[in-house]
Amino acid sequence: MYSGGQGINTRPFERSAPGKIILCGEHSVVYGRPAVGVPVSTVRSTAWVASTPSGSGLRIDALDLQQSALLGDADADDPLALCARLVLKSLSAQEPDAVLKVHSDLPIASGMGSGASVAAAAARALSASLGHELAPSAVSRITHEVEKIHHGVPSGIDNTVIAWERPVYFVKDSAPQTFAIHTPFKLIVAYSGIASSTKAAVTAVRRRFEAAEGYYSVLFDCIGAISTAARDAVEQGAIQTLGTLLNENHELLTKMGVSLAQLDELVVAARQAGAMGAKLTGSGQGGNIIALVDEETVAPVRAALEGAGATRIWEATVGSSDA
Ligand code: MEV
(Lines give C-alpha, C1' and ligand atoms only; values in the text may rest on other atoms or scores of the structure.)
Protein backbone atom coordinates (compact mmCIF):
# COMPACT_ATOMS: atom_id res chain seq x y z
CA MET A 1 0.00 0.00 0.00
CA TYR A 2 1.07 3.54 -0.49
CA SER A 3 2.33 5.02 2.72
CA GLY A 4 1.76 8.61 1.63
CA GLY A 5 -1.40 10.58 1.14
CA GLN A 6 -2.49 14.05 0.30
CA GLY A 7 -3.87 14.62 3.79
CA ILE A 8 -4.95 17.93 5.23
CA ASN A 9 -2.64 20.92 5.26
CA THR A 10 -1.80 21.34 8.92
CA ARG A 11 0.82 23.97 8.12
CA PRO A 12 -0.15 27.22 6.39
CA PHE A 13 2.53 27.01 3.74
CA GLU A 14 2.55 23.29 3.12
CA ARG A 15 2.17 22.13 -0.47
CA SER A 16 2.67 18.77 -2.13
CA ALA A 17 3.17 17.10 -5.50
CA PRO A 18 2.53 13.54 -6.73
CA GLY A 19 4.80 10.89 -8.17
CA LYS A 20 4.50 9.79 -11.77
CA ILE A 21 4.47 6.62 -13.81
CA ILE A 22 5.34 6.44 -17.47
CA LEU A 23 2.90 4.00 -19.07
CA CYS A 24 4.61 3.99 -22.47
CA GLY A 25 7.31 5.84 -24.35
CA GLU A 26 10.25 6.38 -21.99
CA HIS A 27 13.54 7.05 -23.80
CA SER A 28 11.93 7.39 -27.25
CA VAL A 29 10.27 10.53 -25.85
CA VAL A 30 13.76 12.07 -25.62
CA TYR A 31 13.92 11.68 -29.45
CA GLY A 32 10.62 13.43 -30.11
CA ARG A 33 8.26 10.44 -30.07
CA PRO A 34 5.10 10.59 -27.93
CA ALA A 35 4.90 9.11 -24.44
CA VAL A 36 2.09 8.63 -21.93
CA GLY A 37 2.47 9.40 -18.22
CA VAL A 38 0.05 9.35 -15.32
CA PRO A 39 0.31 10.86 -11.84
CA VAL A 40 0.34 8.71 -8.72
CA SER A 41 -1.42 10.97 -6.30
CA THR A 42 -1.18 8.72 -3.26
CA VAL A 43 2.61 8.77 -3.11
CA ARG A 44 3.68 12.38 -2.69
CA SER A 45 6.40 14.83 -1.83
CA THR A 46 5.59 17.51 0.70
CA ALA A 47 7.27 20.85 1.41
CA TRP A 48 6.48 23.52 3.95
CA VAL A 49 7.83 26.91 4.97
CA ALA A 50 8.10 28.51 8.43
CA SER A 51 9.43 31.96 9.35
CA THR A 52 12.77 32.35 11.11
CA PRO A 53 14.25 35.40 12.87
CA SER A 54 15.01 38.46 10.79
CA GLY A 55 18.37 38.31 9.04
CA SER A 56 18.64 34.50 9.05
CA GLY A 57 18.05 34.08 5.31
CA LEU A 58 16.45 31.02 3.66
CA ARG A 59 17.53 27.62 4.98
CA ILE A 60 16.58 24.52 3.03
CA ASP A 61 16.24 21.22 4.90
CA ALA A 62 16.10 18.10 2.72
CA LEU A 63 14.81 15.85 5.49
CA ASP A 64 15.20 12.48 3.71
CA LEU A 65 18.81 13.24 2.84
CA GLN A 66 19.50 14.76 6.28
CA GLN A 67 20.95 17.80 4.51
CA SER A 68 20.52 21.40 5.51
CA ALA A 69 21.99 24.45 3.75
CA LEU A 70 21.53 28.20 3.63
CA LEU A 71 20.50 29.39 0.19
CA GLY A 72 23.38 31.86 0.19
CA ASP A 73 25.92 29.05 0.75
CA ALA A 74 24.42 26.50 -1.65
CA ASP A 75 26.17 25.53 -4.88
CA ALA A 76 24.69 26.51 -8.24
CA ASP A 77 23.92 22.83 -8.94
CA ASP A 78 22.09 22.17 -5.65
CA PRO A 79 18.61 21.18 -6.96
CA LEU A 80 16.53 22.64 -4.12
CA ALA A 81 18.59 25.83 -4.02
CA LEU A 82 18.12 26.25 -7.78
CA CYS A 83 14.40 25.65 -7.30
CA ALA A 84 14.24 28.37 -4.60
CA ARG A 85 16.26 30.80 -6.73
CA LEU A 86 13.96 30.25 -9.72
CA VAL A 87 10.86 30.83 -7.58
CA LEU A 88 12.30 34.05 -6.12
CA LYS A 89 13.28 35.22 -9.61
CA SER A 90 9.90 34.44 -11.14
CA LEU A 91 8.13 36.36 -8.33
CA SER A 92 10.77 39.15 -8.27
CA ALA A 93 10.90 38.46 -4.51
CA GLN A 94 13.69 38.98 -1.96
CA GLU A 95 15.11 35.97 -0.15
CA PRO A 96 12.85 35.46 2.89
CA ASP A 97 13.95 34.72 6.46
CA ALA A 98 12.50 31.23 6.61
CA VAL A 99 13.12 27.52 6.58
CA LEU A 100 11.89 25.39 3.66
CA LYS A 101 11.55 21.73 4.64
CA VAL A 102 11.09 18.97 2.12
CA HIS A 103 10.14 15.31 2.50
CA SER A 104 9.14 12.65 -0.04
CA ASP A 105 7.45 9.27 0.21
CA LEU A 106 8.80 8.44 -3.24
CA PRO A 107 11.86 6.21 -3.43
CA ILE A 108 14.85 8.04 -4.90
CA ALA A 109 16.15 6.81 -8.27
CA SER A 110 13.27 4.44 -8.89
CA GLY A 111 11.58 5.95 -11.95
CA MET A 112 8.69 7.52 -10.07
CA GLY A 113 9.91 11.08 -10.50
CA SER A 114 11.09 11.78 -6.95
CA GLY A 115 13.40 14.65 -8.00
CA ALA A 116 10.70 16.41 -10.01
CA SER A 117 8.08 15.78 -7.34
CA VAL A 118 10.23 17.25 -4.56
CA ALA A 119 11.05 20.31 -6.69
CA ALA A 120 7.37 20.86 -7.56
CA ALA A 121 6.33 20.67 -3.89
CA ALA A 122 9.16 23.01 -2.84
CA ALA A 123 8.34 25.55 -5.56
CA ARG A 124 4.68 25.55 -4.54
CA ALA A 125 5.37 25.91 -0.81
CA LEU A 126 7.95 28.68 -1.17
CA SER A 127 5.77 30.59 -3.58
CA ALA A 128 2.70 30.21 -1.33
CA SER A 129 4.68 31.54 1.64
CA LEU A 130 5.40 34.62 -0.47
CA GLY A 131 1.69 35.10 -1.15
CA HIS A 132 1.49 33.54 -4.62
CA GLU A 133 0.04 30.22 -5.79
CA LEU A 134 2.01 29.04 -8.82
CA ALA A 135 0.09 27.87 -11.89
CA PRO A 136 0.86 24.32 -13.13
CA SER A 137 2.70 25.75 -16.14
CA ALA A 138 5.03 27.72 -13.84
CA VAL A 139 5.59 24.70 -11.56
CA SER A 140 6.36 22.62 -14.64
CA ARG A 141 8.82 25.17 -16.04
CA ILE A 142 10.72 25.54 -12.75
CA THR A 143 10.76 21.79 -12.15
CA HIS A 144 12.06 21.18 -15.67
CA GLU A 145 15.02 23.50 -14.99
CA VAL A 146 15.78 21.65 -11.74
CA GLU A 147 15.50 18.30 -13.55
CA LYS A 148 18.35 19.37 -15.83
CA ILE A 149 20.70 19.06 -12.83
CA HIS A 150 19.64 15.46 -12.27
CA HIS A 151 19.24 14.36 -15.88
CA GLY A 152 21.13 16.58 -18.27
CA VAL A 153 18.52 16.98 -21.01
CA PRO A 154 15.17 15.75 -19.67
CA SER A 155 12.37 15.47 -22.20
CA GLY A 156 9.96 17.26 -19.86
CA ILE A 157 7.46 14.43 -19.34
CA ASP A 158 8.15 14.02 -15.61
CA ASN A 159 7.72 17.68 -14.67
CA THR A 160 4.64 17.96 -16.91
CA VAL A 161 2.76 14.99 -15.40
CA ILE A 162 3.75 16.00 -11.87
CA ALA A 163 2.89 19.70 -12.23
CA TRP A 164 -0.45 19.15 -14.00
CA GLU A 165 -1.33 16.05 -11.96
CA ARG A 166 -3.28 14.69 -14.93
CA PRO A 167 -2.71 11.89 -17.45
CA VAL A 168 -0.57 13.40 -20.20
CA TYR A 169 0.13 12.46 -23.81
CA PHE A 170 3.49 14.14 -24.11
CA VAL A 171 5.54 15.22 -27.09
CA LYS A 172 8.77 17.06 -26.31
CA ASP A 173 8.69 20.82 -26.93
CA SER A 174 4.90 20.76 -27.50
CA ALA A 175 2.11 21.98 -25.24
CA PRO A 176 1.06 19.20 -22.81
CA GLN A 177 -2.03 17.28 -23.92
CA THR A 178 -3.98 16.02 -20.93
CA PHE A 179 -6.65 13.38 -21.51
CA ALA A 180 -9.45 11.59 -19.69
CA ILE A 181 -9.48 8.02 -18.43
CA HIS A 182 -12.58 6.10 -19.54
CA THR A 183 -12.34 3.25 -17.01
CA PRO A 184 -10.05 3.33 -13.95
CA PHE A 185 -7.42 0.61 -13.98
CA LYS A 186 -5.16 -0.88 -11.37
CA LEU A 187 -1.38 -0.94 -11.52
CA ILE A 188 1.09 -2.63 -9.24
CA VAL A 189 4.41 -0.81 -9.06
CA ALA A 190 7.25 -3.07 -7.94
CA TYR A 191 10.72 -1.84 -7.05
CA SER A 192 13.64 -4.01 -8.16
CA GLY A 193 15.78 -2.74 -5.27
CA ILE A 194 18.32 -1.48 -7.82
CA ALA A 195 18.80 2.29 -7.88
CA SER A 196 18.74 3.67 -11.39
CA SER A 197 20.36 6.84 -12.70
CA THR A 198 18.23 8.46 -15.40
CA LYS A 199 21.23 10.44 -16.60
CA ALA A 200 23.33 7.28 -17.00
CA ALA A 201 20.55 5.39 -18.77
CA VAL A 202 19.76 8.26 -21.15
CA THR A 203 23.48 8.71 -21.91
CA ALA A 204 23.88 4.97 -22.63
CA VAL A 205 20.92 5.02 -25.05
CA ARG A 206 22.35 8.13 -26.73
CA ARG A 207 25.65 6.32 -27.30
CA ARG A 208 23.92 3.27 -28.76
CA PHE A 209 21.67 5.48 -30.93
CA GLU A 210 24.69 7.30 -32.34
CA ALA A 211 26.29 3.96 -33.23
CA ALA A 212 23.16 2.59 -34.97
CA GLU A 213 20.81 5.47 -35.80
CA GLY A 214 18.67 3.57 -38.30
CA TYR A 215 17.92 0.69 -35.96
CA TYR A 216 17.21 2.92 -32.97
CA SER A 217 14.98 5.20 -35.04
CA VAL A 218 12.83 2.19 -35.93
CA LEU A 219 12.63 1.20 -32.24
CA PHE A 220 11.67 4.76 -31.29
CA ASP A 221 9.02 4.92 -34.05
CA CYS A 222 7.46 1.62 -32.89
CA ILE A 223 7.37 2.82 -29.27
CA GLY A 224 5.85 6.14 -30.37
CA ALA A 225 3.07 4.25 -32.15
CA ILE A 226 2.54 2.15 -29.00
CA SER A 227 2.20 5.33 -26.91
CA THR A 228 -0.48 6.70 -29.22
CA ALA A 229 -2.33 3.39 -29.16
CA ALA A 230 -2.00 3.27 -25.34
CA ARG A 231 -3.54 6.72 -24.97
CA ASP A 232 -6.41 5.64 -27.26
CA ALA A 233 -6.89 2.43 -25.25
CA VAL A 234 -7.02 4.35 -21.97
CA GLU A 235 -9.45 6.88 -23.42
CA GLN A 236 -11.69 4.07 -24.68
CA GLY A 237 -11.45 1.81 -21.63
CA ALA A 238 -9.76 -0.96 -23.66
CA ILE A 239 -7.75 -2.27 -20.72
CA GLN A 240 -6.78 -5.65 -22.22
CA THR A 241 -5.36 -3.79 -25.22
CA LEU A 242 -3.41 -1.55 -22.87
CA GLY A 243 -1.91 -4.69 -21.30
CA THR A 244 -0.76 -5.98 -24.68
CA LEU A 245 0.78 -2.59 -25.47
CA LEU A 246 2.69 -2.55 -22.15
CA ASN A 247 4.12 -5.99 -23.01
CA GLU A 248 5.13 -4.85 -26.51
CA ASN A 249 6.74 -1.72 -25.09
CA HIS A 250 8.79 -3.77 -22.61
CA GLU A 251 10.16 -6.00 -25.39
CA LEU A 252 11.26 -2.90 -27.34
CA LEU A 253 12.88 -1.37 -24.23
CA THR A 254 14.75 -4.66 -23.79
CA LYS A 255 15.98 -4.39 -27.39
CA MET A 256 17.02 -0.82 -26.58
CA GLY A 257 19.25 -2.26 -23.85
CA VAL A 258 17.68 -0.56 -20.83
CA SER A 259 16.23 -3.61 -19.10
CA LEU A 260 18.08 -5.89 -16.68
CA ALA A 261 17.67 -9.60 -15.96
CA GLN A 262 16.09 -8.68 -12.60
CA LEU A 263 13.54 -6.41 -14.29
CA ASP A 264 12.73 -9.07 -16.91
CA GLU A 265 12.21 -11.59 -14.10
CA LEU A 266 9.74 -9.29 -12.35
CA VAL A 267 7.89 -8.67 -15.63
CA VAL A 268 7.67 -12.38 -16.44
CA ALA A 269 6.57 -13.24 -12.88
CA ALA A 270 3.77 -10.66 -13.07
CA ARG A 271 2.55 -11.93 -16.44
CA GLN A 272 2.66 -15.57 -15.36
CA ALA A 273 0.61 -14.70 -12.27
CA GLY A 274 -2.12 -13.19 -14.45
CA ALA A 275 -1.18 -9.56 -15.11
CA MET A 276 -2.70 -8.27 -18.36
CA GLY A 277 0.64 -6.66 -19.15
CA ALA A 278 3.89 -5.64 -17.48
CA LYS A 279 6.91 -3.51 -18.33
CA LEU A 280 9.73 -1.56 -16.80
CA THR A 281 8.85 2.08 -16.18
CA GLY A 282 11.14 5.11 -16.21
CA SER A 283 14.71 5.03 -17.34
CA GLY A 284 15.32 1.32 -16.61
CA GLN A 285 18.68 -0.25 -15.69
CA GLY A 286 16.97 -0.75 -12.32
CA GLY A 287 14.08 1.07 -10.71
CA ASN A 288 10.48 -0.09 -11.04
CA ILE A 289 8.27 -2.24 -13.18
CA ILE A 290 4.51 -1.82 -13.53
CA ALA A 291 1.96 -4.62 -13.87
CA LEU A 292 -1.61 -4.09 -15.07
CA VAL A 293 -3.97 -6.13 -12.89
CA ASP A 294 -7.62 -6.42 -11.93
CA GLU A 295 -9.38 -7.29 -8.66
CA GLU A 296 -8.78 -11.03 -9.20
CA THR A 297 -5.15 -10.89 -10.19
CA VAL A 298 -3.88 -8.20 -7.83
CA ALA A 299 -3.14 -10.61 -4.94
CA PRO A 300 -1.42 -13.37 -6.97
CA VAL A 301 0.60 -10.83 -8.95
CA ARG A 302 1.73 -9.11 -5.74
CA ALA A 303 2.77 -12.46 -4.29
CA ALA A 304 4.59 -13.42 -7.49
CA LEU A 305 6.48 -10.11 -7.52
CA GLU A 306 7.50 -10.54 -3.89
CA GLY A 307 8.68 -14.06 -4.73
CA ALA A 308 10.66 -12.72 -7.70
CA GLY A 309 12.57 -10.28 -5.52
CA ALA A 310 10.64 -6.99 -5.53
CA THR A 311 11.79 -5.02 -2.49
CA ARG A 312 8.83 -2.58 -2.36
CA ILE A 313 5.38 -2.81 -3.86
CA TRP A 314 2.65 -0.20 -4.27
CA GLU A 315 -0.81 -0.35 -5.76
CA ALA A 316 -2.41 2.52 -7.62
CA THR A 317 -5.80 2.82 -9.25
CA VAL A 318 -5.25 5.16 -12.17
CA GLY A 319 -8.22 7.35 -12.99
CA SER A 320 -9.85 7.28 -9.59
CA SER A 321 -9.45 9.78 -6.77
CA ASP A 322 -7.17 7.41 -4.83
CA ALA A 323 -4.61 6.97 -7.63
C1 MEV B 1 12.56 9.31 -17.21
O2 MEV B 1 11.47 9.33 -16.29
C3 MEV B 1 12.06 9.18 -18.61
C4 MEV B 1 13.13 9.17 -19.70
O5 MEV B 1 12.42 9.06 -20.94
C6 MEV B 1 13.98 10.41 -19.68
C7 MEV B 1 13.24 11.66 -20.12
O8 MEV B 1 12.13 11.58 -20.69
O9 MEV B 1 13.81 12.75 -19.91
C10 MEV B 1 14.05 7.95 -19.59
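The structure contained in this document is the topic of the report that follows. (Residues numbered from 1 in each chain as written. Predicted model: local features only at pLDDT ≥ 70, side-chain atom pairs only at ≥ 80, totals over all residues. Heavy atoms only, no water.)

1. As for the site of the ligand
In step 1: Around the ligand, the surrounding shell consists of Lys20, Ile22, Glu26, His27, Val29, Val30, Pro154, Ser155, Ile157, Asp158, Val202 and Ser283.
In step 2: A total of 300 Å² of accessible area belongs to the ligand in isolation, and the protein chains cover 97% of it.
In step 3: At the level of secondary structure, the elements contributing two or more residues to the shell around the ligand comprise β1 (14-24) and α4 (157-164).
In step 4: For the shell around the ligand, the per-class residue count stands at six nonpolar, three polar and three charged. (Near = heavy atom within 4 Å. Areas by Shrake-Rupley, 256 points an atom, 1.4 Å probe, with all protein chains shown as cover. Helix = DSSP H or I, 4+ residues; strand = E, 2+ residues; numbered from the N terminus. Nonpolar A, V, L, I, M, F, W, Y, C, P; charged D, E, K, R; others polar.)

2. Here's the deal with the pairing of strand β2 (residues 35-51)
In step 1: In terms of burial, β2 is a largely internal element, 15 of the 17 residues being buried.
In step 2: Relative to β2, β1 is paired through 10 bridges, and the arrangement is antiparallel. Each bridged residue has a counterpart across the sheet, and for alanine 17 the counterpart in β2 is serine 45.
In step 3: With three bridges connecting them, β2 and strand β6 (residues 168-170) associate as antiparallel partners. Its bridge partner being in β6, valine 36 is matched across the sheet by tyrosine 169.
In step 4: Pairing of β2 with strand β5 (residues 98-104) involves seven bridges; the strand directions are antiparallel. (Buried < 20%, exposed > 50% of the residue type's maximum accessible area, 1.4 Å probe, protein only. Pairing = 2+ DSSP bridges.)

3. A closer look at the nonpolar core
In step 1: Counting residues in hydrophobic clusters, the biggest one holds 67 residues, and the most contacted among them are Phe185 and Leu305.
In step 2: The leading source of residues in this core is helix α6 (residues 213-236), at eight residues.
In step 3: Taken domain by domain, this core gets at least three of its residues from each of domain 1 (13-177) and domain 2 (182-318).
In step 4: Look past the residues within four positions of leucine 305 in its chain and what remains in contact with it is Ile188, Ala190, Leu266, Ala270, Ile289, Ala310 and Ile313.
In step 5: Formed by 34 residues, the second largest nonpolar core is a distinct cluster that contains Ala47, Ala62, Ala120 and Ala125. (Core = buried A, V, L, I, M, F, W, Y, C linked by side-chain atoms within 4.5 Å. Domains from an automatic or database assignment. Contact = heavy atoms within 4.5 Å.)

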